[in-house]
Structure formats: structure tokens, C-alpha cells
Amino acid sequence: MKLKSVLITLLLFFSTNPVSADVITVGFKNADYTSIQDAVDNANDTDIIIVHSGIYSENLLINKPLTLKTADDNSFNVTVKVTNSSNHIFHISSSNTSIIGFNLIAENESKIRSGIYLDNAMYCQILDNSISNVEDGILLSSSRENEIEGNSLFLNSLHGINISDSNNNVISKNTVFNNRYGIIVESSNNNIISNNNASLNENYGIALFKTNDSIVKENTATGNKHGICLTSSFNNEIENNSAVNNMLTGSVVWDSETNRLENNNFGFNRDSGLTLLHANKNNRIVNNELSHNENGIYSRGDGALIRNNTINSNGKYGILLIYTKDNVIENNTLLNNEIGIKTEKLSENQIFSNTIDNRLTANKLMSALLVLVVIGAVFYLKKESLLLKSLKILLLVFILLILAIVAWYFPFESGLPENNVEINNINWTDNGAVTDNRAINDSYVRGNLSMDFVYLHKNSQSLNLGESPETDILPVDIHIGSMGSASTLGDYTLLHGEPLTLEYSKPYQYSHPLDLKKEKQHHVLVEIYTKRYYEYPNPVYGDSHQELIGVEVMDINLKGK
């Protein structure tokens, strides 16, 4: 009986007074360990690992609940810098883990997969870290109930933050800039993305892809191609965000339903403040500011409720709806747009109680001036002879035609040629004279094809193989095909393919031996391709395709064969 009471007392003591976590130090002097991984391997659950200033070269696996934090508040004092591209910098496979205050960076060209990877982990905290030069800064896979806050993610070749198959996470107060993509939440539900700054990324700032029941609020997305995007996503709340000064759109909604976009600022974007594409249904666009875009709202989707928005000073249209139906456009204020509302299938949309005040534009003034010129010319020509009238009318028509061509054509010029790689000095050289019987066998003749390649415009291509568009290096593939004179037009046979790397504006001398069939004439086709990634909001974004950026055809005569 006495022993039983002692055991009960001990049990009560340990249940109300749990063993406190140990503190383990890592550093290069006066510390328990010099390696972070050694400290992790020797720690017990819930221990705290304090890492002192220095540069640590290691890939870390965290497979137990621990807290890893730096010794002070400056994350740049503790750097984990690695070169092993087969792994992540921090691979976290345990729940209840915290990573606080580290500077994580990969060596150039090492292509580390991610800075911090949460692999089926829950209740983790990733706080105040700086991560750069990896593929994905922070990557969550099948992880939930985690907090990602206060991190700085930049110069990563894919995403700043990538959330995949992960629910109920909070992504807040992060700075995500100069990555290929900003923040992506894919096939994940009930996440909160708030108070982040996702700016200056090459494609989107923040994107939801096949994601439902999530909240995107109080974020800033500036200087991206697209600010905030939804694709194949349902029942999300997009509210109180600022998506301004983006290269194309403030927000894109594609194949998405029952989302609410409210109290956002979608102004000063180069193309549209808000673009609704394809099979959108039942989205609510309420109380947004859409000013100083080319188009305020551009829609090809059905069933939108567009209410109480301020749509001001857009270059062309306040609201442009093309081939849409079942939209309700109510109580919007549209001021100083060239055209307030333009829509097709007008009878199937409800448009009422909007305030529209269009501006007097230069185009309208020009049209009026041309009408006055024509009227004046008609009165003037009444005094002339019939021949002189005819000549003057022809001259006037010619001048107006030239002006119309100039006005129509030049605004749409890209300023760049169709091809970005120029193929010059293409030449075929026989490997011997006709009398030497150049044939390598009874069916083929051998010769050498030579040419120069010039990479012309380094800012006209999007990212190729992870390179920045400002790079001097362009990876390409060369394809050489041949079509005999007797072949069906367009039936080129690939003879050779090879990857190359071109340097901006420097001619690359290229040659390759070819074996051609014994025909009198060959049409040889040289094509230059580069890898182009499908960009958001394309639903297959992230995949790539080969894009033709240079082409040349040469006829080769095989005399005497």
C-alpha cells in the first residue's frame, strides 16, 4: 500500500512538472557542437538548439520535434550555405518543429531543391528566415497547421513559397521578391495568405491553383506580370489587397467559381485591372478600385456580380465583357474612361444603376476633325472643274489611307523581329570533288554544313532553363532537317539535333557533317529552339515547350549525282 502511494505521487509529480527541454549550442568555439546536424542527431525531443554566428556547410534532416534558432536576431549572422543539389537545405519530416532566424543560400548553379522543405509535417513554425538562390524558397508538401511568417525569399529560380497538398496553413508577413513565381498555393484548402509583399517576381505575385475555401487578404503584389491569380479555384475570399503597377494584370480569374473579390485596389496595371477568363461562374466583384489600367475589368466569363466598384481613368474600357452572359453590373462608378461599359450579348446581361462619365479622348477629337476636313473639302471642291476635283479627291483619299495605316499599324508593333537568333553565312561544303566520288556508300553523299548564329535580343525571351531574362547566356537546341526535291512539301526529315549555349550578340560559328541522300537537290532546314515555360495563368503552367526562335533554309545541289 505504501509503495502504491509512492508511485501515484511520482506519477502526479511528473504529469504536472514535465521534464524541461535542454538547450544545446552550436558554434565554432565554446559550444556543444560545431555541426548543426550533429546537434540534431544527439538532441532529444523538444530540445532547443541555439546556433551561433558562422557559415555552416551542410544539408540538414530534422526528424524529431526541435526548435532551431540563431543566437541573435540578425539572420545574416548564421548562414547555411550548401552545394549538394540532391537535397534540401532543411528537410523537416517531424511535426512541432521550429526554424527561426537563419540565412539559407545555395552556391551558384547548384540548383538546391528548396531552402526549407516541410514533408508531411504539422504544427511547425518557419519564422524570420532569409532564403535565396534555391529552386523553391519554402516548400510545403502534405503538411498542415503550419505557420510561415516573417521570411524573406528572393532570387529563387522557381517559387518564393510553394504550398502543395497542404491545408490549414497560415502564410503571413513574408517578403517574396525577384523570384520566377511568388507564392503558389496548389491543391490546398483552407489556407490564409495575409500581409505578404509579393513583388517584382517574373510571373505572378500570389496564385491559387485548384485551391478552395482560402483567404487572401491585405497583401501587396506590385511589379509582377500578374498580381493575384486564381485558376480552377472555388469559394475563396480575395479582399483588401493592393495589386498595382503590374506588367499585365492586377488580378486574373480563370475557370473559377463562387469567389469573392472585395475592397481590393487593382489600379495602374499595364493591361487590365481585373481579367476574368474562360468558364468563370458566380464570382462577386464588389467595392474594388480599378483605375488607370488599359481596361478596368476585362471578362470572358459568365455569371459575375460586378457591384459598387470605382472604375476610373482607364485607357480604353471601364468594363469590357466579350461573349459573356448572366452578369449583373450594378451601382458601379465609371469615370474618365474612353468607353465606360462595352459588352456583347447585351440582352443576357443585367446592367443598371451605374454612373458613367466617359472622357473626351484624342481619338474622338481626331475623328471629329477628319469629319470637318471632309466636309470642308467637299465645299471647297464645288468651285473646281470635274478633273481637278477628281485629282484632289484621289489625293485626299490617298493621304487619309496613309494616315489610317500609320495609326493602325504602329501602335501594335512589338519593336522586335520575329526571330531572336539570326542564322548567317550558311554554307555547304563537299568533302571532295565530284570526280573523287564523294559518296560514302551507294545511297548517301557526305558534306559539311556551316553557319553563324547570333543571339539578338536578350530581353525578348522569358526564363530559359532557370536563367534570368537579363542573362547573356541563351540555351538553345539546333535541329537540322532535309527534304529532297521529290518529297512532299513540308516533309522534312530530321538529320541532326544538338543543344548549344549562345552568348548575347556574339556570333557562334557552327558546323556539322551531314549525310544526304543521292538526289539532285535538297532543301535543308535549320531551326533554333529554346525552352519556354508555360506561364500562369495557363492551367499547365510550369510545364515547358520548345519555341522556335530562328530559322533558315538552304538549297543544296548535288551535281553529277
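Residues numbered from 1 in each chain as written. Predicted model: local features only at pLDDT ≥ 70, side-chain atom pairs only at ≥ 80, totals over all residues. Heavy atoms only, no water.

**Student:** Got a minute to help me understand the overall build of the chain in this structure?
**Tutor:** Per the secondary structure count, the chain includes 4 helices and 46 strands. A fraction of 45% describes how many contacts in the chain between residues 6 or more apart in sequence connect residues 24 or more apart. About 27,500 Å² of surface is accessible on the chain, with carbon and sulfur atoms providing 53% of the total. (Helix = DSSP H or I, 4+ residues; strand = E, 2+ residues; numbered from the N terminus. Contact = heavy atoms within 4.5 Å. Areas by Shrake-Rupley, 256 points an atom, 1.4 Å probe, with all protein chains shown as cover.)

**Student:** Honestly, the sheet that holds strand 9 (residues 103-106) in this entry has me stumped. Any pointers?
**Tutor:** Strand pairing in a sheet relies on backbone hydrogen bonds. The paired strands run either parallel or antiparallel. With respect to topology, 7 strands assemble into an open sheet ordered 3-6-9-12-15-18-21, the strand pairing being parallel. Across the chains shown, the open sheet's two edge strands, defined by having one partner strand only, are strand 3 (54-56) and strand 21 (197-199). Recorded for the sheet is a direction-independent mean angle of 15 degrees between the axes of neighbouring strands. Strand direction decides the pairing type here: strand 9 and strand 12 (residues 130-132), joined by 3 bridges, are parallel. Paired with N103 across the two strands is S130, which belongs to strand 12. (Pairing = 2+ DSSP bridges. Axes fitted to C-alpha atoms, helices over the stretch in contact; angles between N-to-C directions.)

**Student:** How should I be thinking about a nonpolar patch on the surface in this particular structure?
**Tutor:** Taken together, the side chains of L395, F398, I399, I402 and L403 define a hydrophobic patch exposed on the protein surface, amounting to about 480 Å² of accessible area. Along the polypeptide, F398 turns up in helix 4 (residues 386-409). (Patch = residues over 30% accessible without salt bridge, like charges linked within 9 Å, V, L, I, M, F, W, Y side chains within 5 Å. Salt bridge = Lys/Arg side-chain N within 4 Å of Asp/Glu carboxyl O.)

**Student:** In this structure, what is going on with the nonpolar core? I would like to understand it.
**Tutor:** Most often, soluble globular proteins have nonpolar side chains that are buried together. I36, I49, L68, F90, F102 and I116 are the most contacted members of the largest nonpolar core, which has 66 residues in total. Counting 23 residues, the second-largest nonpolar core is a separate cluster that includes L449, M451, L500 and V526. (Core = buried A, V, L, I, M, F, W, Y, C linked by side-chain atoms within 4.5 Å. Buried < 20%, exposed > 50% of the residue type's maximum accessible area, 1.4 Å probe, protein only.)

**Student:** I would appreciate a short explanation of the side chain of N283 in the present structure.
**Tutor:** Secondary-structure assignment places N283 in the loop between strand 28 (272-277) and strand 29 (284-286). Exposure remark for N283: the relative accessible area of 2% places this residue in the buried category. Within the local environment of N283, its side chain forms a polar contact with the backbone nitrogen of T258, the two atoms lying 3.4 Å apart. Aside from chain neighbours lying at most four places away, what touches N283 is V253, S256, E257, T258, N259, G303, A304 and L305. (Polar contact = N/O pair within 3.5 Å; in protein donor to acceptor, adjacent residues only side chain to side chain.)

**Student:** What's the story with the sheet that holds strand 40 (residues 421-430) in this structure? I'm lost.
**Tutor:** Taken in spatial order, the 3 strands make up an open sheet running 40-41-44, and their pairing is antiparallel. Lying at the two open borders of the sheet, with one neighbouring strand each, are strand 40 and strand 44 (508-517). Taking the axes of each pair of neighbouring strands and ignoring which way they run, one obtains an average angle of 25 degrees across the sheet. Here 10 bridges tie strand 41 (residues 444-455) to strand 44, and the two strands are oriented antiparallel to one another. Within strand 44, the position partnered with M451 by the bridge is Y510.

**Student:** What should I look at first to understand the environment of S166 in this one?
**Tutor:** Following the sequence through the fold, S166 ends up in the loop between strand 16 (159-164) and strand 17 (170-172). S166 sits in the buried class, given a relative accessible area of 0%. Each C-alpha atom, one on S166 and one on S141, is 6.0 Å from the other, the two residues being 25 residues apart in sequence. Those residues in contact with S166 that lie beyond four places of it in its chain are L140, S141, S142, S143, S187, S188, N189 and N191.

**Student:** Even after reading the chapter, I still don't get the pattern of salt bridges, so can you show me in this structure?
**Tutor:** Within this structure, the stated rule accounts for 5 salt bridges. Residue R260 pairs with E239 through a salt bridge whose shortest N-O separation is 3.5 Å. Here E239 lies in strand 25 (residues 237-239) and R260 lies in strand 27 (residues 260-262), a separation of 21 residues in the sequence. With relative accessibility at 23%, the residue R260 sits in the partly exposed group. For E239, a relative accessible area of 18% translates into the label buried. Residue E262 is joined to R260 by a salt bridge in which the shortest nitrogen-to-oxygen separation is 2.3 Å. Within this structure, E237, E239, R260 and E262 form a network of salt bridges that share partners.

**Student:** What is the right way to read the side chain of T530 from this model?
**Tutor:** Note on placement: T530 falls in strand 45 (residues 521-533). Note on T530: relative accessible area 1%, which makes it buried. In this structure the side chain of T530 is engaged in a polar contact, spanning 3.1 Å, whose partner is the backbone oxygen of P475.

**Student:** Whenever I open this one, the packing of aromatic side chains confuses me. Can you help?
**Tutor:** The full count for this structure, using the stated rule, is 6 aromatic pairs. When the ring of F154 is compared with that of F177, the centres are 5.3 Å apart and the planes differ by 10 degrees; the resulting orientation is stacked. Within this pair, whereas F154 is found in strand 15 (residues 152-154), its partner F177 is found in strand 18 (residues 175-177), the two being separated by 23 residues in sequence. The class of F177 is partly exposed, set by a relative accessible area of 27%. (Phe/Tyr/Trp six-rings, centres within 6.5 Å; stacked < 30°, edge-to-face > 60°.)

**Student:** Explain unusual backbone geometry here, please?
**Tutor:** Backbone phi values are negative for most residues with the exception of glycine, while trans is the configuration of most peptide bonds. A positive phi angle, close to 60 degrees, is found at Y123, a residue other than glycine. Note on placement: Y123 falls in the loop between strand 10 (114-119) and strand 11 (125-127). Overall, the relative accessible area of 44% leaves Y123 in the partly exposed class. Even without being glycine, S187 reaches a positive phi, approximately 50 degrees. With respect to the helices and strands, the residue S187 is situated in the loop between strand 19 (181-186) and strand 20 (192-194). Taking the relative accessible area as the measure of exposure, S187 reaches 30% and is therefore partly exposed.

**Student:** Can you help me understand the pairing of strand 24 (residues 226-231) in this one?
**Tutor:** Along any regular strand, the residues point their side chains to alternate faces of the sheet. The element strand 24 is extensively covered by neighbouring structure, given that 6 of its 6 residues are classed as buried. Judged from the 5 bridges that link them, strand 24 and strand 26 (residues 249-254) form a sheet pairing that is parallel. Residue pairing in the sheet places I228 in a bridge with S251 of strand 26.

**Student:** Help me understand the confidence of the model for the chain in this model?
**Tutor:** With 75% of its residues at a pLDDT of 70 or more, the chain has an overall mean of 80. Counted against residues more than four places away or in other chains, residues 433-438, with its pLDDT under 50, gives 11 contacts. (pLDDT = per-residue confidence, 0-100.)

**Student:** What is the right way to look at the environment of T46 in this model?
**Tutor:** Along the chain, T46 turns up in the loop between helix 2 (36-42) and strand 2 (48-51). For the pair formed by T46 and D22, sequence separation is 24 residues and the distance between their alpha carbons is 8.0 Å.

**Student:** Looking at this structure, I do not really get the environment of N337. What am I missing?
**Tutor:** With respect to the helices and strands, the residue N337 is situated in the loop between strand 36 (333-335) and strand 37 (339-343). For N337, a relative accessible area of 0% puts it in the buried group. Considered as a pair, N337 and G296 are 41 residues apart in the sequence and their alpha carbons are 8.8 Å apart.

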